[in-house]
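What follows is the residue order along each chain.
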Amino acid sequence: MRISIFGLGYVGAVCAGCLSDAGHEVIGVDVSAIKVDLTNRGKAPVVEPGLEAILEKQVALGRLRATSDTEDAVRSSDLTMICVGTPSRKNGSLDLRYIKKVCKGIGAALAKKATYHTVVVRSTVLPGTVRKHVIPLLEEASGKRAGEDFGVAINPEFLRESTAIKDYLEPPMTVIGEFDERSGEALASLYAPLAAPLIRRSIEIAEMVKYSCNAWHAVKVTFANEIGAIAKSAGVDGRAVMEIVCADTKLNISPYYMKPGFAFGGSCLPKDLRALVYRANQLDANAPMLSSVLRSNKEQVEKAVELIAAFGKRRIGLLGLSFKAETDDLRESPLVELAETLIGKGYELSIFDRNVDYARVHGANRDYINQKIPHVSSLLNSDLDAVIEHAEVMIVGNRDSQFAKALANVNGSRPTLDLVGFMSGVSHGHTQGICW
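Residues numbered from 1 in each chain as written. Predicted model: local features only at pLDDT ≥ 70, side-chain atom pairs only at ≥ 80, totals over all residues. Heavy atoms only, no water.

### Topic: the side chain of Ser 183
Here comes step 1: Note on placement: Ser 183 falls in helix 8 (residues 181-188).
Here comes step 2: Overall, the relative accessible area of 0% leaves Ser 183 in the buried class.
Here comes step 3: Excluding its chain neighbours within four sequence positions, the residues that come into contact with Ser 183 are Tyr 116, Thr 118, Gly 151, Val 152 and Ala 153. (Helix = DSSP H or I, 4+ residues; strand = E, 2+ residues; numbered from the N terminus. Buried < 20%, exposed > 50% of the residue type's maximum accessible area, 1.4 Å probe, protein only. Contact = heavy atoms within 4.5 Å.)

### Here's the deal with the UniProt feature "binding site: GDP-alpha-D-mannuronate" (unreviewed entry) in the protein chain
Here comes step 1: With numbering matched to this structure, UniProt assigns "binding site: GDP-alpha-D-mannuronate" (unreviewed entry) to Glu 161, Lys 210, Asn 214, His 217, Asn 225, Tyr 256, Tyr 257, Phe 262, Gly 265 and Lys 324. The annotated residues occupy 164 residues of the chain and do not converge on a single region, their most distant C-alpha atoms lying 23.3 Å apart. As for the annotated residues, the ones lining the second largest cavity are Lys 324.
Here comes step 2: Structurally, the position occupied by Lys 210 is in helix 9 (residues 203-233). (UniProt positions renumbered as here; feature names shortened; annotations may be inferred. 1 Å grid on protein atoms, 1.4 Å probe; cavity = no way out; pocket = protein on both sides within 12 Å on 5 of 7 lines; lining within 4 Å.)

### So, helix 2 (residues 33-40)
Here comes step 1: Considered for burial, the residues of helix 2 that qualify are Lys 35, Val 36, Leu 38 and Thr 39. The buried residues of helix 2 occupy one face: seen down the axis, they fall within an arc of 165 degrees.
Here comes step 2: Buried residues along helix 2 sit in contact with helix 3 (51-61) and strand 3 (64-67).
Here comes step 3: Positive backbone phi, approximately 75 degrees, marks Gly 42, located one or two places after helix 2. (Arc of directions from axis to C-beta.)

### Here we look at the nonpolar core
Here comes step 1: Grouped together as the largest cluster of nonpolar side chains are 46 residues, with contacts concentrated most on Leu 319, Leu 321, Leu 338 and Leu 419.
Here comes step 2: Elements supplying a minimum of two residues to this core: helix 12 (288-311), strand 9 (315-319), helix 13 (334-344), strand 10 (348-352), helix 17 (384-390), strand 11 (393-396) and helix 18 (401-410).
Here comes step 3: Beyond its immediate stretch of four places on either side in the chain, Leu 321 contacts Leu 330, Ser 333, Leu 335, Val 336, Ala 339, Ile 351, Asp 353, Val 356, Val 376, Leu 380 and Asn 398. (Core = buried A, V, L, I, M, F, W, Y, C linked by side-chain atoms within 4.5 Å.)

### What about the sheet that holds strand 9?
Here comes step 1: As summarised here, the arrangement of the five strands in space is 10-9-11-12-13, forming an open sheet in which the pairing is parallel. Here the strands that pair on one side only, and so sit at the sheet edges, are strand 10 and strand 13 (431-433). The sheet shows a mean angle of 20 degrees between the axes of neighbouring strands, direction not considered.
Here comes step 2: As defined by bridge partners, strand 9 adjoins strand 11 across four bridges and the pair is classed as parallel. When the sheet's bridge partners are listed, Leu 318 is paired in strand 11 with Ile 395.
Here comes step 3: Packed on one face of the sheet, helix 12 meets strand 9, strand 11, strand 12 (416-418) and strand 13 and runs near 165 degrees to strand 12. (Pairing = 2+ DSSP bridges. Axes fitted to C-alpha atoms, helices over the stretch in contact; angles between N-to-C directions.)

### Some remarks on the sheet that holds strand 7 (residues 174-178)
Here comes step 1: Strand order in the open sheet formed by eight strands is 3-2-1-4-5-6-7-8, with mixed pairing between adjacent strands. Every other strand in the sheet has two partners, leaving strand 3 and strand 8 (198-201) as the edge strands with one partner each. Each strand of the sheet is rotated relative to its neighbour by a mean of 25 degrees, with strand direction disregarded.
Here comes step 2: Inspection of the sheet shows strand 1 (residues 2-6) paired to strand 4 (residues 79-82) by four bridges, in the parallel sense. The residue bridging Ile 3 from the neighbouring strand is Leu 79, located in strand 4.
Here comes step 3: Lying over the sheet, helix 1 (residues 10-21) contacts strand 1, strand 2 (25-29), strand 3 and strand 4, oriented at roughly 165 degrees with respect to strand 1.

### Quick word on the packing of aromatic side chains
Here comes step 1: In this structure the tally under the stated criterion is two aromatic pairs.
Here comes step 2: Judged by centre distance (6.5 Å) and plane angle (50 degrees), the rings of Tyr 168 and Tyr 191 are tilted. Of this pair, Tyr 168 sits in helix 7 (residues 164-169) while Tyr 191 sits in the loop between helix 8 and strand 8, placing them 23 residues apart in sequence. An identical accessibility class is assigned to Tyr 168 and Tyr 191; each is buried. (Phe/Tyr/Trp six-rings, centres within 6.5 Å; stacked < 30°, edge-to-face > 60°.)

### Focus on helix 12
For the α-helix, the turn length of 3.6 residues means that residues three or four positions removed from each other point alike.
Here comes step 1: Helix length check: helix 12, at 24 residues, gives a terminal C-alpha distance of 35 Å against a target of 34 Å (1.5 Å per residue), a fit within 8%.
Here comes step 2: Maximum bend of helix 12: about 25 degrees, positioned at Leu 294.
Here comes step 3: All buried positions along helix 12 are accounted for by Leu 290, Val 293, Ser 296, Asn 297, Gln 300, Val 301, Ala 304, Val 305, Leu 307, Ile 308 and Phe 311.
Here comes step 4: Phi turns positive, to about 70 degrees, at Gly 312, one or two residues after helix 12. (Expected span 1.5 Å × (residues − 1). Bend = angle between axes of the 7 residues up to and from the residue.)

Here's what the structure looks like:
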């Protein structure tokens, strides 16, 4: 199949790589000249393990290219995937400006195309968005009718940053929300080689599934952290408690997020939870637990600040800045919030994160790093040993494999706060865990 993918961020870039690797002809589309250039040179526009090797190979084979020309991309493809961002506004509602702009451009291109074309939304959008916004914009710009002249479907993604390629190839399920059967068939054929359940439902159900999954993941992280906090106060290792809870795989579902630790962050969970709560308030549907989750998540950052203050030291070495190891994504990273809080309180920070350090020079995220958080990025040090040497207190912030060794080498010689669980034992003296 010939496929165009609008948006070369984490979702779009991974989909472009995996679909071209499966033999399809793929055109990536982005307004960023940097991302287009990187892709055309076979370089990954984001940090994601294994992605660059795939892109390099597929560009060389001629199955993948990138452009900023919407009309060319639609004309040269049979199916279009929309993977642009849907960021939060200050009140928690979704900002649909990018998806609306892309839909207008795709619609204008469809107006000049005689053959049937399928438009698939992979961006995360609230129930009602495709029917109320996407379809009307496509129809208005093209002068054509959905279900007659072009197909529409939604295909929510369940890709986790740092494991996105594996998640694409081995998904727990594939969900298709289809405007009509023909729209769904075009999309379903893409996933026939994958050994995973294929679930086809209405557009609105598929829109809601993504939010339901992400809200559940957010709740699981918070639940484990609160259990961990109570357990620690009672002199109990919260990890051991949750390990037993997670032994029940029949009822408790999955242990992946059910581990006490630091606050959740990233581009999905905070944004999607805010949007879901905003919609519940609009509908006068009370959701007190969901409304309290982000407050509880912020408490986890404040708890870390309190533990650091209790050490009575000023020079801090922070290992990790991205919200998750093996990624350069700083969007809503709780470690950025922690760093900014400590800076504001007068602590002397030195930060090590090899992926963020790389991204501020080479990656597509460098503008975000240099423009949004220059006061934090200026404290990055590319020498891990120098950061450790500077520190009177060490904070281990994400699960980078280097940090376990660094923690072992320090071996209690200076105060340490472990936010992720590298410690083999429970908190004792100057070696503290956030929940154990």
